[in-house]
Amino acid sequence: MSTLYKNRIEEFRIALNETKISLTKLRELCFSGIPFEGGLRSLCWKILLNYLPLEQAQWSSSLKKQREIYAQFLKEMIIQPGIAKANLGLFREDVTLEDHPLNPNPDSRWNTYFKDNEVLLQIDKDVRRLYPDMAFFQRPTDYPCLLIMDPQNEFETLRRRVEQTTLKSQTVAHNRSGVTNVCSPRKTTSANEYEVLPNGCEAHWEVVERILFIYAKLNPGIAYVQGMNEIVGPIYYTFATDPNTEWKEHAEADTFFCFTNLMSEIRDNFIKSLDDSQCGITYKMENVYSTLKEKDMDLYLKLQEQNIKPQFFAFRWLTLLLSQEFLLPDVIRIWDSLFSDVDRFDFLILVCCAMLILIRDQLLVGDFTINMRLLQTVGSFRKAARWELPLGPISKDRVGDFSVPKAQFLDYPISDVDLILKKAKELQDSA
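Residues numbered from 1 in each chain as written. Predicted model: local features only at pLDDT ≥ 70, side-chain atom pairs only at ≥ 80, totals over all residues. Heavy atoms only, no water.

### Examining the overall build of the chain
- From N to C terminus, the chain includes 22 helices and two strands.
- In the chain, which comprises 431 residues, the share counted as buried stands at 52%.
- Within the chain, counting contacts between residues at least 6 apart in sequence, those at least 24 apart form 75% of the total.
- As displayed, the chain has an accessible area near 20200 Å², and 52% of this comes from carbon and sulfur atoms. (Helix = DSSP H or I, 4+ residues; strand = E, 2+ residues; numbered from the N terminus. Buried < 20%, exposed > 50% of the residue type's maximum accessible area, 1.4 Å probe, protein only. Contact = heavy atoms within 4.5 Å. Areas by Shrake-Rupley, 256 points an atom, 1.4 Å probe, with all protein chains shown as cover.)

Here it is as structure tokens:
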């Protein structure tokens, strides 16, 4: 470890040991990248995502309260209807007296249960293949949820719930437009495709599944949209690999609240009815081109001349915070800067422009087909294999919102994210 790097770590430690942390100073430090050592990144992200207060003395009580709230969510939302839990001081009831699966009442707990299964099937499908090139998400967590995994109670895991769901004959999916699609029978996962863990164990992807399911339950207006798994994945990975055991043990609850806070800022990207508003994704995509026009008129005119619209490539870049364009360590490094942005993701627009400008020479000489190949990236073919659609982890109806010409998909030509971030900072400073 170089002296310079050691000094940088010390700078972070000094900033984080203040009685009241200076958010301005912390953002300045984090913008240039956060060291992993000592759990610094995990701690900084919790502060930058408004999960931890700036007053260090409040951390213990704040964390205790939030983690207790999350435990209550688990008790209220993962329980199967009609089955009371002994550890909650209740007795098993005869479900036919209180409720039953055929109860037509829309307020029926079983009716809600079956509707939740529709969302759960999509979440399960997505999280099982989260970062398939990494073994991490398939490995067992050191801290399985005891509340659910304890054989003394009758909680069912979401994995078991999917396996036993009555929605096996057909998957009924509600797209973002509110239209109900009846799809072909759900393909069962090969037993050999995923390692079967022993009883009492759960894989990291199961933890991510639970986070997303509870989020969907608490936010029925948006519920779950395919792609949210790509947002929660890097946060959970960062927290679950924290070298500080005390923090690592609570990665699930901490991830849930940080993800929820992050989604409160970017959720408009996932809501179709807001697409054409000033907070919607269409406006942001157009902002990429308006910024490019200001920074590089020749490149802007070239793309306009070839009728290469920003929605052909910038939709996924913006919606998923570039989480599909680079390898996970590089995504995490980019997010250090994005989370540090005082204007909250305005810097992402500049990063997108930097990605265009850094390959301007190829774009200026390329024809429509070549340029589309350069811009419509999926990071790599291994990532493309995860999805049924070439544009990545957005539901079919979401992709259908934007008419995109077909093209072959190659790596984005530049893999050095520090070069991209440096260029984006230059664009910011030249404003």
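Let us keep going from here.
### What about the side chain of Asn229?
- The residue Asn229 is located in helix α10 (residues 228-240) in this model.
- At 3.2 Å, the side chain of Asn229 and the side chain of Tyr224 are in polar contact.
- Only 3.1 Å separates the side chain of Asn229 from the backbone nitrogen of Gly227, close enough to count as a polar contact. (Polar contact = N/O pair within 3.5 Å; in protein donor to acceptor, adjacent residues only side chain to side chain.)

### Thoughts on helix α17 (residues 346-357)
- In a regular helix each residue adds 1.5 Å, so twelve residues correspond to 16 Å; α17 covers 17 Å between its end C-alpha atoms and thus fits that length.
- Buried residues dominate α17, accounting for eleven of its twelve residues.
- Those residues of α17 that sit buried are Phe347, Leu348, Ile349, Leu350, Val351, Cys352, Cys353, Ala354, Met355, Leu356 and Ile357. (Expected span 1.5 Å × (residues − 1).)

### Re the pattern of salt bridges
- Using the criterion set out here, one finds 17 salt bridges in the structure.
- Between Asp296 and Arg360 there is a salt bridge, with the nearest N and O atoms lying 2.6 Å from each other. A residue pair is termed long-range when its members are at least 10 positions apart, and Asp296 in the loop between α13 (281-295) and α14 (297-305) and Arg360 in helix α18 (residues 360-365) qualify at 64 residues.
- By relative accessible area, Asp296 is classed as buried at 10%. (Salt bridge = Lys/Arg side-chain N within 4 Å of Asp/Glu carboxyl O.)

### So, the state of the cysteines
- Following the criterion strictly, the structure yields zero disulfides and no others.
- Distance from the sulfur of Cys352, which forms no disulfide, to the nearest cysteine sulfur (Cys353) is 7.1 Å.
- Take Cys352: its relative accessible area is 0%, and that puts it in the buried class. (Disulfide = S-S within 2.5 Å.)

### So, the environment of Leu74
- Position of Leu74 among the secondary structure elements: in helix α4 (residues 59-77).
- With a relative accessible area of 5%, Leu74 lands in the buried category.
- Along the chain, Leu74 and Ile214 lie 140 residues apart, while their C-alpha atoms are 7.7 Å from each other.

### What about the packing of aromatic side chains?
- By the definition in use, this model includes 16 aromatic pairs.
- Ring centres 5.2 Å apart and planes at 45° place the aromatic pair Tyr70 and Phe256 in the tilted group. With Tyr70 in helix α4 and Phe256 in helix α12 (residues 251-266), the pair connects residues that are 186 residues apart, well separated along the chain.
- For Tyr70, a relative accessible area of 3% gives the class buried.
- Residue Phe256 is classed as buried on the basis of its relative accessible area of 2%.
- Relative to Tyr237, the ring of Phe136 lies with its centre 4.9 Å away and its plane at 80°, an arrangement referred to as edge-to-face. Placement of the pair is Phe136 in the loop between α6 (109-127) and α7 (146-149) and Tyr237 in helix α10, with a sequence separation of 101 residues. (Phe/Tyr/Trp six-rings, centres within 6.5 Å; stacked < 30°, edge-to-face > 60°.)

### As for the packing of α4 against α12
- Between α4 and α12, the shortest axis-to-axis distance is 9 Å and the interhelical angle comes to 95°. Here α12 runs roughly perpendicular to α4, going by the angle between their axes. Residues Leu63, Gln66, Arg67, Ile69, Tyr70, Phe73 and Leu74 of α4 touch α12, and the partners they reach there are Glu252, Ala253, Asp254, Phe256 and Phe257.
- Class assignment for the residues of the contact of α4 with α12 results in eight nonpolar, one polar and three charged. (Axes fitted to C-alpha atoms, helices over the stretch in contact; angles between N-to-C directions. Parallel < 35°, antiparallel > 145°, perpendicular 65-115°, else oblique. Nonpolar A, V, L, I, M, F, W, Y, C, P; charged D, E, K, R; others polar.)

### Regarding the environment of Ile148
- Structurally, Ile148 can be placed in helix α7.
- What makes Ile148 buried here is its relative accessible area of 4%.
- Spatially, the C-alpha atom of Ile148 lies 8.4 Å from that of Ile78, the residues being 70 residues apart in sequence.

### A look at the confidence of the model for the chain
- Taken over all residues, the pLDDT of the chain has a mean of 80, while the share at 70 or more is 74%.
- This stretch, residues 166-192, has a pLDDT under 50; its non-local contacts, to residues over four places away or in other chains, come to 48 contacts. (pLDDT = per-residue confidence, 0-100.)

### What to know about the packing of α10 against α12
- Closest axis-to-axis distance for the α10/α12 pair is 9 Å, and the angle between their directions is 140°. Comparing their axes, α12 and α10 come out oblique. Note on packing geometry: the crossing formed by α10 with α12 is right-handed. On α12, the residues that touch Met228, Ile231, Val232, Ile235, Tyr236, Phe239 and Ala240 of α10 are Ala251, Glu252, Asp254, Thr255, Cys258, Phe259, Leu262, Met263 and Ile266.
- Its residues assigned to classes, the contact of α10 with α12 comprises 13 nonpolar, one polar and two charged. (Left-handed = near helix turned anticlockwise from the far one by under 90°.)

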